[in-house]
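In case you want the letters, here they are:
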Amino acid sequence: MSPKVSIIVPVYNAEKTIARCIESVLKQAYRDFELILVNDGSSDSSAEICDSYAKDDTRVRVIHKENSGVSDTRNQGIAAAQGKYVQFLDSDDWLAPDAVGLFTRTMEEYDCDMVITDFYRVNGERVSQKGAIDVDGLMDRATFAQYMMQKPSDFYYGVLWNKLFKRSILVDHDMKMDESISWCEDFIFNLEYILYVDRIYSLKVPIYYYVKTKGSLVSQSMSMKKTIQMKRMVFAYYNNFYKEVLSEEDYEKRRLSVYRFLIDVAADGSVLPIANQKLGDERTNVSDGVREGEGFFFDLYREVKVLEKLFDVVALRNELQTDDVKLLFYLHESRVNCTFKETARILNMTRTELSAAVQRLTAKELIKEPEKSKKAGKTSLKAEELPEQILPQEPETVKDPEKKKKKRRPDIKKYAIQPEADGVLSEIMSALTDFEQIQYEGFTLEEIEECEKLNQRRNENIRKMLE
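Residues numbered from 1 in each chain as written. Predicted model: local features only at pLDDT ≥ 70, side-chain atom pairs only at ≥ 80, totals over all residues. Heavy atoms only, no water.

I'd like to hear about the nonpolar core, residue by residue, with values.
Ranked by size, the top nonpolar core spans 46 residues in total, and within it I7, V9 and I18 carry the most contacts. Not counting residues up to four positions away in its chain, the partners in contact with I18 are V9, V11, I49, C50 and S91. (Core = buried A, V, L, I, M, F, W, Y, C linked by side-chain atoms within 4.5 Å. Buried < 20%, exposed > 50% of the residue type's maximum accessible area, 1.4 Å probe, protein only. Contact = heavy atoms within 4.5 Å.)

An account of the packing of aromatic side chains is requested, with residue identities and associated values reported.
Enumeration over the complete set of coordinates arrives at 16 aromatic pairs. Residues Y110 and Y201 carry aromatic rings whose centres are separated by 4.3 Å and whose planes lie at 35° to one another, so their mutual orientation is tilted. Here the residue Y110 occupies a position in the loop between α4 (99-109) and β6 (114-117), and Y201 occupies one in strand β11 (residues 199-203), the gap between them amounting to 91 residues. Centroid distance F165 to Y193: 4.9 Å. Interplanar angle 90°. Geometry classified as edge-to-face. Of this pair, F165 sits in strand β10 (residues 163-166) while Y193 is found in helix α8 (residues 185-194), placing the two residues 28 residues apart along the sequence. For the pair shown, F165 and Y193 are each scored as buried. (Phe/Tyr/Trp six-rings, centres within 6.5 Å; stacked < 30°, edge-to-face > 60°. Helix = DSSP H or I, 4+ residues; strand = E, 2+ residues; numbered from the N terminus.)

So, the confidence of the model for the chain: which residues are in play, and what are the values?
With 74% of its residues at a pLDDT of 70 or more, the chain shows a mean pLDDT of 78. Note that residues 265-284 has pLDDT below 50 and, in this model, 50 contacts with residues that lie over four places away or in other chains. In the model, residues 374-398 has pLDDT below 50 throughout and makes 10 contacts with residues more than four positions away in sequence or in other chains. (pLDDT = per-residue confidence, 0-100.)

Explain the pairing of strand β3 (residues 60-65) to me, and be specific about the residues and the numbers.
In terms of strand pairing, strand β2 (residues 33-40) meets β3 through 6 bridges, oriented parallel. Among the inter-strand pairings, L37 is bridged to a residue of β3, identified as V62. (Pairing = 2+ DSSP bridges.)

Before we move on, can you summarise the pairing of β11 with the specific residues and values?
Of all 5 residues in β11, 4 are buried; the element is thus mostly enclosed. By the bridge criterion, 4 bridges tie β6 to β11 in an arrangement that is parallel. Residue pairing across strands places V115 opposite Y201, the latter belonging to β11. Pairing analysis gives 4 bridges linking strand β9 (residues 137-140) to β11, with the strands arranged antiparallel. Counterpart to M139 in the pairing with β11 is I200.

So what's going on with the side chain of T104? Residues and values would help.
With respect to the secondary-structure elements, T104 resides in helix α4. At 2.8 Å, the side chain of T104 and the backbone oxygen of V100 are in polar contact. Contacts of T104, omitting those with residues within four sequence positions, involve K4, V5, Y30, Y85 and L164. (Polar contact = N/O pair within 3.5 Å; in protein donor to acceptor, adjacent residues only side chain to side chain.)

Kindly report on unusual backbone geometry, identifying the contributing residues and their values.
For residues other than glycine, phi is negative in most cases, and the peptide bonds are mostly trans. If you check the backbone angles, D111 has positive phi at about 50° while not being a glycine. By secondary structure assignment, the location of D111 is in the loop between α4 and β6. For D174, which is not glycine, the phi dihedral falls at a positive 50°. Tracing the chain through its elements places D174 in the loop between α7 (167-172) and α8. A relative accessible area of 56% places D174 in the exposed class.

Structure (structure tokens):
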């Protein structure tokens, strides 16, 4: 049977990074894919590295060819692809664990023609999120084009690797990379593809780690004449795209916005974000020490970090924080009452962080605060009906109990999950399925069942010790 997704990676002298790139694909929670490595005449050990992975995993296919440039290399990958969907990946970069699954689920759930996502920009140990469309949802071609018009030369629109394409559209329209140009060729490919689509989903989840710095026209040693010619040709593509997408009246209204693209790229043709620009919330990767550390505490911490990474995807997609997702799942899953302090420790939060998560989920109406009891002093009881110890002549005993009541937090388990949270919970369950697949990769069904039985016995022994 044909794979669902074809992942195409052009490879040229990438011996230092290609293994990381390949490993990120083979470790995907979603398994129904083929990985097509197209070796563009590498002179280092890239070819041997690719062949070694193909030997060990039948999902990996390697194409060796003479050096002809990235456009022809990608075209040969497209021609060899067998999947329903096509995804691109550069050999310098890598994927988040749920990238292929999230791409595919979104494409099929919303019956769309293209999915576009945020991505991470990696600078040493620092990682920052990058995106251009602030909404998470389905849109038509004209709406997408209007978003693109706001930031016409943004990297988000220009690259291939933060998008999932339908192979049927590529085949039906004989779409290929333009081998005659060496700048913005991927952007032109995207523009042409969008002309044939109706439904595009913008996904506010970064699933790709970008570290490669592509050169500008100036750094490619081109003559000024050729540089100007290439810019004119790219702008002609861009201009014709909007003439096709917009009505004549709308085009005239937005013509200056279209021409802004030419202004934005006039300096040197680069569609890169500024190198030192802060692109979003800064994130830091887990260190090599944590990944390689031995012992109980390292094992426990790594397990928590993998689960948090998967929960982080759910959080980003639903404009929540990871703590919010953890708390929502806890409320859904737990059947027992714990103190507020214990709940915070179970979820690996401070009490302040837990309180903030409660407030955020309540504000979004994903959970409902328990009904409050009547406040002290609002009662209709007469003075003679009050107990002696809280009569006026004993002011201290009147105040202290009331202060305690005001400070007491509602029992966390009394917060009710609302129907609006069903979508988030569904995504959490999907993340947990991916977590199980990550844990049990390479296990047989019998081995998985045996592990679960042994783990149940282990947990029961620990419970008994705490009685």
